[in-house]
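Chain residues, written in single-letter form:
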Amino acid sequence: MDKTVICPRFESAIAILSQRWTGLIIYQLLTGPQRFSNLTEVIGISGRLLSERLKNLETQGLVKRTVYPETPVRIEYELTEKGRSLKPVMDEIQSWSQEWIEAPIETE
């Protein structure tokens, strides 16, 4: 039986994108720079977990953190060029999900 070898770069890319919440963070940041509080509200993620994911995305070179010296201090997160290059991938996932994934049943 042939053993298929997975490209290490592909495996690394999937490892980054498959971390819980990471895809949603990237998808939200595709709309432009966002403040931390806006990301927690829109995505519905805890502050601790969002902070952890954003730090990881910064380390990977996908997200840039900008601190504005105002009172109070304003911090915004935005995608780097590397992060924005994921737009076609995210658009394809969005398109695929519209065709193949059933909408969740809303409960009140």
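Everything below is about the structure shown above.
Summary of the structure given here. Keep in mind that what you see is a predicted model, and the values were worked out from it rather than measured.

Describing a nonpolar patch on the surface
Together, Ile6, Phe10 and Ile14 make up a nonpolar patch on the protein surface, roughly 310 Å² of accessible area in all. Structurally, Ile14 is set in helix α1 (residues 8–17). By relative accessible area, which is 41% here, Ile14 ends up partly exposed.

Some details on the sheet that holds strand β3 (residues 74–79)
Spatial ordering of the open sheet is given by β1-β3-β2, a layout of three strands whose pairing is antiparallel. In the strand order of this sheet, the two ends are held by β1 (34–35) and β2 (63–68), each with one partner. Sheet topology places β2 next to β3; six bridges connect them, and they run antiparallel. Following the sheet pairing, Val63 is matched in β3 by Leu79. Of the strands in this sheet, β2 and β3 are in contact with helix α4 (residues 47–59), which crosses β2 at around 110°.

Quick notes on the packing of aromatic side chains
Inspection of the entire model under this criterion finds one aromatic pair. Judged by centre distance (6.4 Å) and plane angle (55°), the rings of Phe36 and Tyr77 are tilted. One end of the pair, Phe36, is in helix α3 (residues 36–43); the other, Tyr77, is in strand β3, and 41 residues separate them in sequence.

Examining the pattern of salt bridges
With the rule as written, the count across this model stands at five salt bridges. A salt bridge links Glu52 to Arg53; the shortest N-O distance between them is 2.7 Å. Given the relative accessible area of 41%, Glu52 is considered partly exposed. Arg74 is the partner of Glu76 in a salt bridge, and the nearest nitrogen-oxygen pair spans 3.0 Å. Arg74 shares its class with Glu76; the two are buried. Each of Arg48, Glu52 and Arg53 takes part in a single network of salt bridges with overlapping partners.

What counts, and at which threshold
- Each chain carries its own residue numbering, running from 1 in the written order of its sequence.
- Two thresholds apply to this predicted model, a pLDDT of at least 70 for residue-level local features and 80 or more for giving and counting side-chain atom pairs, whereas whole-chain, interface and lining totals are computed over all residues.
- Where side-chain values are given, they derive from all heavy atoms of the structure, hydrogens and water being excluded.
- In this scheme, patches are assembled from residues that exceed 30% relative accessible area and form no salt bridge. Like charges are connected within 9 Å, while nonpolar side chains (Val, Leu, Ile, Met, Phe, Trp, Tyr) are connected within 5 Å.
- Here the accessible surface of atoms and residues is derived via Shrake-Rupley with a 1.4 Å probe, and residues count as covered only by protein chains that are part of the display.
- The term salt bridge refers to a side-chain nitrogen of Lys or Arg lying within 4 Å of a carboxyl oxygen of Asp or Glu.
- The secondary structure listing takes helices from DSSP runs of H or I that are at least 4 residues long and strands from runs of E that are at least 2 residues long, numbered from the N terminus.
- Three exposure classes are used, based on accessible area relative to the maximum for each residue type with a 1.4 Å probe and protein chains only: buried under 20%, partly exposed in between, and exposed over 50%.
- Pairing between two strands requires that DSSP report at least two bridges joining them.
- Residue contacts are defined here by distance: any two heavy atoms, one from each residue, within 4.5 Å place the two residues in contact.
- A fitted line through C-alpha atoms represents every axis, and for helices the fit uses only the stretch in contact; the resulting angles, taken between N-to-C directions, go from 0 to 180 degrees.
- When the centres of two rings from Phe, Tyr and Trp lie within 6.5 Å, Trp using its six-membered ring, the rings pair. Their planes under 30 degrees apart give stacked, over 60 give edge-to-face, and anything left gives tilted.

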